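Read off the chains here:
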Amino acid sequence: MGALPRLDPGPLGRRTRRRLTRFTQTNEPARCATLLPLLAALPQPLALIEVGASAGLCLHPDRYAYRYDGGAVLGSSPVTFDCRTEGPAPLPAALPGIAWRAGIDLNPFDTTDEDDVRWLQSLIWPGRAERPRQQLAAIEAVRTAPRPRIVRGDLVDELPALAAEAPADATLVVFHTAVLTYLPLARREEFAALVRELPGHWISNEHHTVLPWLDAPAPDDEHLLTLALDERAVAFTAPHGQSLHWLGATSAPSATDVTGVSDVTPPA
Ligand SMILES: C[S@@+](CC[C@H](N)C(=O)[O-])C[C@H]1O[C@@H](n2cnc3c(N)ncnc32)[C@H](O)[C@@H]1O
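Per chain, residue numbering runs from 1 following the sequence as it is written. Since the coordinates come from a predicted model, pLDDT governs what is reported: local features require at least 70, and pairs of side-chain atoms require 80 or more to be given and counted, while whole-chain, interface and lining totals use all residues.

This paragraph deals with the environment of R147. Strands are runs of DSSP state E lasting at least two residues, helices are runs of H or I lasting at least four, and both sets are numbered from the N terminus onward. With respect to the helices and strands, the residue R147 is situated in the loop between α4 (130-142) and β6 (149-152). For the exposure call, what matters is how many other C-beta atoms sit within 10 Å of a residue's own: 20 or more marks it buried, 12 or fewer exposed, and in between partly exposed, using C-beta atoms placed from the backbone. With 15 C-beta atoms packed within 10 Å, R147 lands in the partly exposed category. Separated by 92 residues in the primary sequence, R147 and A55 place their C-alpha atoms 9.9 Å from one another.

Following this line, the structure appears as structure tokens:
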């Protein structure tokens, strides 16, 4: 039997094939409101690496404004993220200073590309009208900022080389929100082993089942994520940054209190 002829899939098939070249990957900058208390409490300035950065909007926590519990607005920006808190969250008094930032993603988006922005907007679930509006405002907020480099590739494979580029005189922070769930457990363990070897700090914001070795209570609400610093759970966070439920008795906004250790130093 000869080879089958290559069939034209027709207009519908061609459209479907085009659509399959895109993946469902959101980017929720409002999550920065839940990362900020940790970022602001670490020794400044920071060198940020976000793994699973998508369009990189969470790499600009210093370009947004924040209002915790309806109080005073911190920062000045086209977008303000509101966040409810519970417990003695160490709310930041100032935005973090960021000396360097970079990311890794299997498929980085470009916020200056109209098609990418349309796709990002279309991935936001219906039901919360402010989310697409806030995402556009966040894109506007970072429009004039230098675009951080987002390396295309797998976060385990690419992390060592990217971390080696971080400036040594800033505190390296590797972070991720709603990302490691896409990796099998063995790859998550490989990633954890890599980050433990790096200088600086590791901030994770993932469902509590994703890093099962963390010594953390499960939240009552299964939708919440667990925020951890260096594998120590510090808070539960709402999936889109709307709330922060601080665990434990920490209230003062200092690196010592947030980390629970007194010898937090920038990487050598
Ligand atoms: C749900 S999105 C979250 C994006 C961003 N962290 C945020 O909170 O808005 C997950 C992102 O992780 C990326 N991702 C998933 N697996 C990855 C891997 N193995 N290496 C690098 N990026 C990955 C996806 O491409 C996607 O952009």
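As a further point, take the sheet that holds strand β1 (residues 46-51). Each pair of strands is called paired provided DSSP finds at least two bridges between the two strands. The sheet built from eleven strands is open, its strands ordered β3-β2-β4-β11-β10-β9-β8-β7-β1-β5-β6 with mixed pairing. Since the sheet does not close on itself, it has two edges, and those belong to β3 (73-74) and β6, each with one partner. In this sheet, strand β11 (residues 243-246) lies alongside strand β4 (residues 80-86) in parallel orientation, the contact comprising three bridges. Within β11, the residue paired with E86 across the bridge is H245.

Once that is clear, we can look at the site of the ligand. Near, for a residue, is defined by distance from a backbone-placed C-beta atom to a molecule or strand, with 6 Å as the limit that must not be exceeded. What surrounds the ligand is a group of 19 residues, the closest being Q25, G52, S54, L155 and T177. Gly falls in the polar group here, along with every residue not listed as nonpolar (Ala, Val, Leu, Ile, Met, Phe, Trp, Tyr, Cys, Pro) or charged (Asp, Glu, Lys, Arg). In the shell around the ligand, the residues fall into eight nonpolar, seven polar and four charged.

Turning to the pairing of strand β8 (residues 201-206), a few remarks are in order. Most of β8 is tucked away, with six of its six residues classed as buried. Note: strand β7 (residues 171-177) against β8, five bridges, orientation parallel. Each residue of the ladder has a partner; that of V174, found in β8, is W202. Whether a crossover is right-handed comes down to one check: with the strands pointing away from the viewer, does the path from the first strand over the helix to the second run clockwise; if it does, it is right-handed. This β-α-β element, β7 to helix α6 (residues 185-197) to β8, shows right-handed connectivity. Direction of pairing for β8 relative to strand β9 (residues 225-229): antiparallel, over a ladder of four bridges. Its bridge partner lying in β9, S204 is registered against A228.

Interpretation note: all reported values are geometric properties and have no functional meaning in isolation.
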